Amino acid sequence: MRLNELGQPIGDALPDWQAPPRVARTTLVGRFCRVEPLNAAQHAADLFAANALDSAGAGWTYLGSGPFADFAAFQTWIENASRREDAMFHAIIDLRTQKPVGSACYSHIDPANGVAEIGSVKFSPLMQRTPVSTESMYLMMKNVFEQGYRRYEWKCDSLNAPSRRAAQRFGFSYEATFRQLVVIKQRTRDTAWFSIIDSEWPAINDAFTRWLAPENFDAQGQQRVALSALTGPLLKARG
């Protein structure tokens, strides 16, 4: 334990710390997908069609926006999201079809402290339970840590069980639940916080690299080893 001159415990010194650049809208390319800056003219129509496959709108329940009554309302939301400076929205493109199948953004970007959050994650039915969903999250995560960020956050409604499972599958550690943190859609929301920090990133990066490797998929494209089998032991080791 590190102590100051008064004998008080203090955090580790960071004598060489320099704030990274602000996370920007950028294009990231993988084996299965491409993540690119959200653009209404390029993405709105195909994203609306992809999300419309969730006819009940269940995918919007825990998000602050949606579902949208019609394309015009959705297009307006995309236009506004793509212009935001506090959150960097991206479309997720399936490389097989070259069409957008989901979206996500960097939010709560804090270069001074080296912190960024992945937020507003919306996977359409076309990308759920596919390598596209996993690789897109990996590409966005990798981009942040390679720029020198120290902490990457995932936050979700505490009642959103699929999102909580996804966070831990991707290697995020559960930290706490903040009670009555926000009001959305005229209801209260407790928010569960998860994170990955820079010291954990090399092992997480290795797990994703192993999972995404061609040899991890059979001739039918089915995974041989689940990502959770690679990240689960890492979470247990953190306690």
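The structure we're discussing is the one just above.
Residues numbered from 1 in each chain as written. Predicted model: local features only at pLDDT ≥ 70, side-chain atom pairs only at ≥ 80, totals over all residues. Heavy atoms only, no water.

## Here we look at the overall build of the protein chain
Here is step 1 of the chain: Along the protein chain, the regular secondary structure elements total 6 helices and 8 strands.
Here is step 2 of the chain: Reading the helices (α) and strands (β) of the protein chain from amino to carboxyl end gives β-β-α-α-β-β-β-α-β-α-β-β-α-α.
Here is step 3 of the chain: Computed over C-alpha atoms, the radius of gyration of the protein chain comes to 19 Å, within 12% of the 18 Å expected from 2.2 N^0.38 for 239 residues, which places it in the range of a compact globule.
Here is step 4 of the chain: Projected onto its principal axes, the C-alpha positions of the protein chain cover 65 × 45 × 30 Å. (Helix = DSSP H or I, 4+ residues; strand = E, 2+ residues; numbered from the N terminus. Rg over C-alpha atoms; globule rule 2.2 N^0.38 Å.)

## With respect to the packing of helix α5 (residues 201-212) against helix α6 (residues 227-238)
Here is step 1 of the chain: Interhelical geometry of α5 versus α6 gives an angle of 165° and a closest axis separation of 8 Å. With respect to their mutual orientation, α5 and α6 come out roughly antiparallel. Read as a crossing pair, α5 and α6 show a hand that is right-handed. Between α5 and α6, the contacting residues are A203, I204, A207, F208, R210 and W211 on the first element and L227, L230, T231, L234 and R238 on the second. (Axes fitted to C-alpha atoms, helices over the stretch in contact; angles between N-to-C directions. Parallel < 35°, antiparallel > 145°, perpendicular 65-115°, else oblique. Left-handed = near helix turned anticlockwise from the far one by under 90°. Contact = heavy atoms within 4.5 Å.)

## Examining the environment of V101
Here is step 1 of the chain: Following the sequence through the fold, V101 ends up in strand β4 (residues 99-110).
Here is step 2 of the chain: Distance in space between the C-alpha atoms of V101 and R238 is 34 Å, their sequence separation being 137 residues.
Here is step 3 of the chain: With near-sequence residues (within four places) excluded, V101 lies in contact with L47, A50, I92, D94, F123, S124, L126, M127 and V132.

## Section: the pairing of strand β8 (residues 187-197)
Here is step 1 of the chain: Direction of pairing for strand β6 (residues 151-157) relative to β8: antiparallel, over a ladder of 7 bridges. Bridge pairing links E153 to S195 in β8.
Here is step 2 of the chain: Counting the residues that bridge the hairpin from strand β7 (residues 173-184) to β8 gives 2 residues, and of these K185 lies at a positive phi of roughly 50°. (Pairing = 2+ DSSP bridges.)

## Here we look at a nonpolar patch on the surface
Here is step 1 of the chain: Together, F178, L181 and V182 line one region of the surface with nonpolar side chains, adding up to about 220 Å² of accessible area.
Here is step 2 of the chain: Mapped onto the elements, L181 comes out in strand β7.
Here is step 3 of the chain: With a relative accessible area of 41%, L181 lands in the partly exposed category. (Patch = residues over 30% accessible without salt bridge, like charges linked within 9 Å, V, L, I, M, F, W, Y side chains within 5 Å. Areas by Shrake-Rupley, 256 points an atom, 1.4 Å probe, with all protein chains shown as cover. Salt bridge = Lys/Arg side-chain N within 4 Å of Asp/Glu carboxyl O. Buried < 20%, exposed > 50% of the residue type's maximum accessible area, 1.4 Å probe, protein only.)

## A short note on the packing of helix α1 (residues 40-52) against helix α2 (residues 71-83)
Here is step 1 of the chain: The interhelical angle for the contact between α1 and α2, taken along N-to-C directions, is 130°, at an axis separation of 10 Å. The angle between the axes of α1 and α2 places the two elements in the oblique class. Of the two elements, α1 crosses α2, and the hand of that crossing is right-handed. Of α2, the residues touching α1 (which contributes A40, A44, A45, L47, F48 and N51) are F71, F74, Q75, I78 and E79.
Here is step 2 of the chain: Along the lines of polarity and charge, the residues of the contact of α1 with α2 split into 8 nonpolar, 2 polar and 1 charged. (Nonpolar A, V, L, I, M, F, W, Y, C, P; charged D, E, K, R; others polar.)

## Comments concerning the side chain of S124
Here is step 1 of the chain: Along the chain, S124 turns up in the loop between β5 (115-123) and α3 (131-146).
Here is step 2 of the chain: Within the structure, S124 has its side chain in polar contact with the backbone oxygen of V101 (distance 2.6 Å). (Polar contact = N/O pair within 3.5 Å; in protein donor to acceptor, adjacent residues only side chain to side chain.)

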